[in-house]
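Working through the structure, step by step
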Amino acid sequence: MQNQLPSDSNCPAPGFAGAGEPRRGFVAKLAAIVIGGIVGIVPAAVGLATFLNPLRAKVKEQQRPSGSDAEGYYRVTTFDSVSATPQPFKIIADRKDAWNTYPKDAIGTVFLQRVGASEVRAFNVSCPHAGCAVDWRATRELYHCPCHNSSFAADGRRDPRSPSARDLDSLEVRVVEGVVFVKFQDFKAGVKEKKPA
Amino acid sequence: MKMLLNWLDDRTGYKALMHEALYERVPGGARWRYVWGSTLVYTFSVQLVTGLFLWMAYSPSSQTAWESVYYIQHEMLLGWLLRGIHHFTAQAMVVLLVVHLLQVIIDGAYKAPREVNFWLGLILMMVVLGLSLTGYLLPWDQKGYWATKVATNIAGITPVVGSEVQALAVGGANYGHHTLTRFFALHAGLLPALLVGFLALHIYVFRRHGLTVADPIHKPDTTFWPDQVLKDVVACLAVLATVLFLVLYHGAGPAGGAELGAPADPTEKYSAARPEWYFLFLFQFLKYFPGESEIIGAMVIPGAIVGVLALMPLIGRWKLGHGFNVAFIFGILIGIGVLTGLAVRADRLDDDYRLAVEDADRKAERVKQLVQIRGIGPEGAVVLLREDPKTWGAALFATKCASCHRYDGHDGTGKVSKELATASDLSTFGTRKWIHGILTDPAGPKYFGATPNRPEIGELFTAGDMAGWVKENVSSGKVTAEEIDAVVEFLASLSEHRDIAAIDAAKVAKGREFFAQGRDGVSGTCYECHAIKVKDDPEGLFSDPSAQIATGAPELTGYGSTAWLRSFLHKPGDKKLYGSHNWMPAFGESLTEREIEMIVDWLLHRWPE
């Protein structure tokens, strides 16, 4: 019996104050719990609010890099520098990280490949499976993810044995007067549908 | 449910523990006087919780500490409130600590068998003071930086090992990344761990001996739960309410709560450096120890006081010991009170200190404005003020120009000199007001009127050619107000002062003509003395290569532009400017190009707004 305490303990003796006034005791207990709850919750809740800060829409908006046009296209390179072999190109923009602004910094990488005479194909390097960066394997002519071995054909189609649930994320491209613009965006990893992250 | 709890109890024995914790006997009934220890435990818990959340957003390095605190304060949801609670709870903790100590000494609760617990309490007090000292640095603002520099320099005078102690605290030869990482590790790691450990011992020993009861027959005995707990939580609520009041008293929202000064800048003096208010007495105390005797005020006497505190349980055994102890602690508190009062009073009476605080507040405001305008680059926020003409230009003016010139009567930073000015007051330089003044009252106090204060210059300017021309033509009314306005507009069109709004082209054309050719009935022209070149000069008004024949009449090409002012600062004695009439030092030799740019941009109000 754990509750049986030694006789010299602080155990309340019979006929003890409060015992004769159960109602008062109840009110005191309730008040103690309520007030104790308040003094405990207030600081914790304020802390929790700051912890939940990243979920605010405003934060997402503030952290968005600036450097694209109104439709989200970034100037990447000249048409002439894009070859028939896929090559990685950095997207340069003003990057924001919490309190810092990094002017003209790399915010991501895309693979660009010339297709036919005037078309450019663009993929986000992030593997749609878990976000590792894929490589172009020239010998096998496919994109390969070094993490979980997802493979994608040059047109982005996934190898059916890949852990990735969808094809490589293609990006919209515009070629204007010899300059390649890409609508660079990240997509949510690990799901079948391609939706913006 | 009951079965599950019984199982848990069987395996852990938690019920006995809970019983032990909650049903401690309170002889003589629950009383308000027993709440102080509990409020201290509460404030510490608040610090743990709020500190943990601050930790999640804080980044200790000299390029990110201020910046991350700025982000907490200004960008994160309720971040200002979180910081405010942490800041003011720290202060509440120090106050409650003193109350608790005072009560223990007055009640004689340090006497046998509670000596060890008293010593544990003293250790806890040192840990709390250590926490507040280390926490003060973490925002890495000017205030924290300079206060910490003083504190670590004091540690540096410790005999024998001083330099080593200081180097270990600072984390190297200079204050920087490792000062912050070390202070942060102390503040968020070591010291809280010590506090938890010693607090556990303190409470364990307290429970072992029970409360020190003054009159056990006050009321019937009761138990800790719920009667005393209720009183304790009500006291905690009062503490929380006080803390919230203090936060909100300093303003609700990011601009309020705990203060955040300008980022720490080792190259920027900070005359408003003061420790947190509860260390002000030590700060004041050190003023009385000249030269090498500092160690007596900084270590020997404070050490002796703590020594006496530690000996109190032993002193209390003597007949008069308790009386001595009570008198001692009151003596110390009165001494602290008096010293704090003296420190506050000295600062109140000190105009330099008041100006330094105003300057610090202005810089704190300004840097936040600059963060909004320019953002914080990878080099951190400290460069924002260093590259800001509004801040740096004014400071340079104060040190380099204000020994002769004035800026709206002061030195550019608000400080009014008792010395007489010996050169112009440049607060309106480059504006229409300035040009108008020069044209109508060149010998006035804001223009050349101050130059005779330097006897060597005498009336060279106040009775010079320009003053003579104005007297003859303007003061006499020969030149109309309209003509003056036109010349003002023409010269304003050359100025790059930020406040030159839309230019009236018709007036400019008129002013140009008057400048070059004057008018019948008016003696001489501006162009006779002042050379000038303008971009479009279809009429060929300014094509005379022999213009500028008068010594001391500056060329006015681009007058009030950054280029004009820059070359003026470089070499005012150039023959195109004041020539042999010049009295101003050539700053091209003593200032860097960047510094000259700062002064120029400041004078022309060309700063980001």
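Residues numbered from 1 in each chain as written. Chains lettered and ligands numbered in written order. Predicted model: local features only at pLDDT ≥ 70, side-chain atom pairs only at ≥ 80, totals over all residues. Heavy atoms only, no water.

1. Side note on the overall build of chain B
Selection rule: Put simply, DSSP marks the helices as runs of H or I at least four residues long and the strands as runs of E at least two long, and each gets a number from the N terminus on. The size measure is the radius of gyration over C-alpha atoms, and the globule rule it meets is 2.2 Å times the number of residues to the 0.38 power. Burial classes: relative accessible area under 20% of the type maximum marks a residue as buried, over 50% as exposed, and values in between as partly exposed (1.4 Å probe, protein chains only). When checking whether two residues touch, look at their non-hydrogen atoms; a contact exists if any pair is within 4.5 Å.
Tallying secondary structure elements over chain B gives 23 helices and two strands in all. For chain B, whose C-alpha radius of gyration is 34 Å, the value lies well above the compact-globule estimate of 25 Å for 609 residues. Projected onto the principal axes, the alpha-carbon positions of chain B cover approximately 110 × 60 × 45 Å. Here chain B holds 609 residues, and 48% of them are scored as buried. The long-range share in chain B, meaning contacts at least 24 apart out of those at least 6 apart in sequence, stands at 69%.

2. Quick word on the overall build of chain A
Looking only at helices and strands, one finds two helices and ten strands in chain A. N-terminal to C-terminal, the α/β element order of chain A is α-α-β-β-β-β-β-β-β-β-β-β. When each of the 197 residues of chain A is scored for burial, the buried share is 33%. The contacts in chain A between residues at least 6 apart in sequence include a share of 48% that link residues at least 24 apart.

3. Comments concerning the nonpolar core
Residue and element names in this part refer to chain B. The cut-off we apply is this: To qualify as a nonpolar core, a set must consist of buried Ala, Val, Leu, Ile, Met, Phe, Trp, Tyr and Cys residues joined through side-chain atoms within 4.5 Å.
Core analysis: the biggest nonpolar cluster contains 80 residues, and Trp66, Ile105, Phe118, Trp140, Leu195 and Met312 have the highest contact counts within it. Sort the elements by how many residues they give to this core and helix α5 (residues 79-106) lands first, with 13 residues. Excluding its chain neighbours within four sequence positions, the residues that come into contact with Phe118 are Leu101, Val104, Ile105, Tyr110, Leu309, Met312 and Pro313.

4. Things to note about the sheet that holds strand β8 (residues 170-171) of chain A
Residue and element names in this part refer to chain A. This is how the line gets drawn: When DSSP finds two or more bridges between a pair of strands, those strands are recorded as paired.
A sheet is described by the order of its strands in space; here four strands give the open sequence β2-β3-β4-β8, paired in antiparallel fashion. Strands with a single pairing partner mark the edges of an open sheet, and in this sheet they are β2 (87-97) and β8. Two strands pair when backbone bridges link them, and strand β4 (residues 119-124) and β8 are joined in this way by two bridges, in the antiparallel orientation. Each residue of the ladder has a partner; that of Ala122, found in β8, is Leu171.

5. Quick word on unusual backbone geometry
Between Ala112 of chain B and Pro113 of chain B the backbone carries a cis peptide bond, its omega angle lying at 5°. Following the sequence through the fold, Pro113 of chain B ends up in the loop between α5 and α6 (115-137). Positive phi is not limited to glycine here, since Glu141 of chain A has a value of about 55°. Along the chain, Glu141 of chain A turns up in the loop between β5 (135-137) and β6 (142-144).

6. Here's the deal with the interface of chain B and chain A
Note the cut-off: Here the quantity called buried area is the accessible surface, traced with a 1.4 Å probe, that two parts lose on coming together, added over both. For salt bridges, the criterion is a side-chain nitrogen of Lys or Arg within 4 Å of an Asp or Glu carboxyl oxygen. Distance and chemistry together define a polar contact, namely a pair of N or O atoms within 3.5 Å, with one atom able to donate a hydrogen and the other to accept it when in protein, and with adjacent residues in sequence counting only for side-chain atoms on both sides.
On the side of chain A, 40 residues touch chain B, which itself brings 48 residues to the contact. Summed over both sides, the interface of chain B with chain A buries roughly 3600 Å², with 71% coming from carbon and sulfur. For chain B, the biggest contributors to the area lost against chain A are Phe53, Tyr71 and Leu77 of chain B; these three give 16% of the whole. Run the count over chain B and chain A and you get zero salt bridges. At the junction of chain B with chain A, the criterion picks out nine residue pairs in polar contact (both at pLDDT 80 or more).

7. Digging into the sheet that holds strand β7 (residues 151-153) of chain A
Residues and elements named next belong to chain A. Here is the rule: Here, axes are lines fitted to C-alpha atoms. For helices the fit covers the stretch in contact, and angles between N-to-C directions go from 0 to 180 degrees.
Taken together, three strands build an open sheet; the order of strands is β5-β6-β7 and the sheet is antiparallel. Edge positions in the open sheet fall to β5 and β7, since each of these has one partner strand only. Going across the sheet, the axis of each strand differs from the next one's by a mean of 30°, ignoring polarity.

8. Quick notes on the packing of aromatic side chains
Heads up, the rule is: The pairing test for Phe, Tyr and Trp rings, Trp by its six-membered ring, is centres within 6.5 Å, and the orientation test on the planes gives stacked under 30 degrees, edge-to-face over 60, and tilted for anything in between. Think of it as a cone above the ring: NZ of Lys or CZ of Arg counts as a charge over the ring if it is within 6 Å of the ring centre and within 35 degrees of the ring normal.
A complete count under the given rule lists 35 aromatic pairs over all chains for this structure. Each residue in the set Phe429, Trp434, Tyr447, Phe448, Phe461, Tyr559, Trp564, Phe568 and Tyr578 of chain B is aromatic and connected to the rest through ring pairs, giving one cluster. Against the face of Phe79 of chain A rests Arg114 of chain A, its NZ or CZ located 4.1 Å from the ring centre. Its end group placed over the ring of Phe187 of chain A, Lys194 of chain A keeps NZ or CZ at 4.9 Å from the ring centre.

9. A look at the side chain of Ser424 of chain B
Looking at the element boundaries, Ser424 of chain B is found in the loop between α16 (389-401) and α17 (432-440). In this view, Ser424 of chain B contacts His405, Arg406, Trp434, Lys446 and Tyr447 of chain B; residues no more than four positions away in its chain are not counted.

10. Some thoughts on the confidence of the model for chain B
Going by this rule: Think of pLDDT as the predictor's per-residue confidence, scored from 0 to 100.
Here chain B averages 92 in pLDDT, while 99% of its residues score no lower than 70. Confidence estimates for the predicted assembly give a pTM of 0.87 and an ipTM of 0.85.

11. Considering the pattern of salt bridges
Residues and elements named next belong to chain B. Applying the stated criterion across every chain yields a total of 36 salt bridges over all chains. The residue Asp352 makes a salt bridge to Lys415 at a minimum N-O spacing of 4.0 Å. Within this pair, whereas Asp352 is found in helix α14 (residues 351-374), its partner Lys415 is found in the loop between α16 and α17, the two being separated by 63 residues in sequence. According to the relative accessible area criterion, Lys415 is partly exposed, its value standing at 41%. Each member of the salt-bridge network shares a partner with another, and the members are Arg366, Asp388, Arg498, Asp499 and Glu609.

12. So, the side chain of Ser495 of chain B
All names here are of chain B. Relative to the elements of secondary structure, Ser495 occurs in the loop between α19 (481-492) and α20 (505-517). Here Gly430 takes part through its backbone oxygen, which lies 2.7 Å from a polar atom of the side chain of Ser495. The contact partners of Ser495, leaving out residues within four places of it in the chain, are Gly430, Ile500, Tyr559, Gly560 and Ser561.

13. Things to note about the environment of Ser59 of chain B
Of note, Ser59 of chain B is situated in the loop between α3 (35-55) and α4 (65-74). Residues Ser59 of chain B and Arg33 of chain B, spaced 26 residues apart in sequence, show a C-alpha to C-alpha distance of 41 Å. In contact with Ser59 of chain B, not counting residues within four places along its chain, are Trp99 of chain A together with Thr64, Ala65 and Ser68 of chain B. At 2.8 Å, the side chain of Ser59 of chain B and the side chain of Thr64 of chain B are in polar contact.

14. A short note on the state of the cysteines
Selection rule: In this description, the term disulfide denotes a pair of cysteine sulfurs within 2.5 Å.
Counted by the stated rule, this structure contains one disulfide over all chains. Each sulfur in the disulfide pair Cys132 of chain A and Cys147 of chain A lies 1.9 Å from the other. On the S-S bond that ties Cys132 of chain A to Cys147 of chain A, the torsion sits near -95°, and the link is left-handed. Placement of the pair is Cys132 of chain A in the loop between β4 and β5 and Cys147 of chain A in the loop between β6 and β7, with a sequence separation of 15 residues. Among the residues examined, Cys147 of chain A registers a relative accessible area of 38% and is labelled partly exposed. Summary of cysteine pairing: Cys127 of chain A is not part of a disulfide, and the nearest cysteine sulfur, belonging to Cys145 of chain A, is at 3.9 Å. Exposure remark for Cys127 of chain A: the relative accessible area of 2% places this residue in the buried category. Free cysteine: Cys404 of chain B, not disulfide-bonded; nearest cysteine sulfur from Cys401 of chain B at 9.0 Å. For Cys404 of chain B, a relative accessible area of 23% translates into the label partly exposed.

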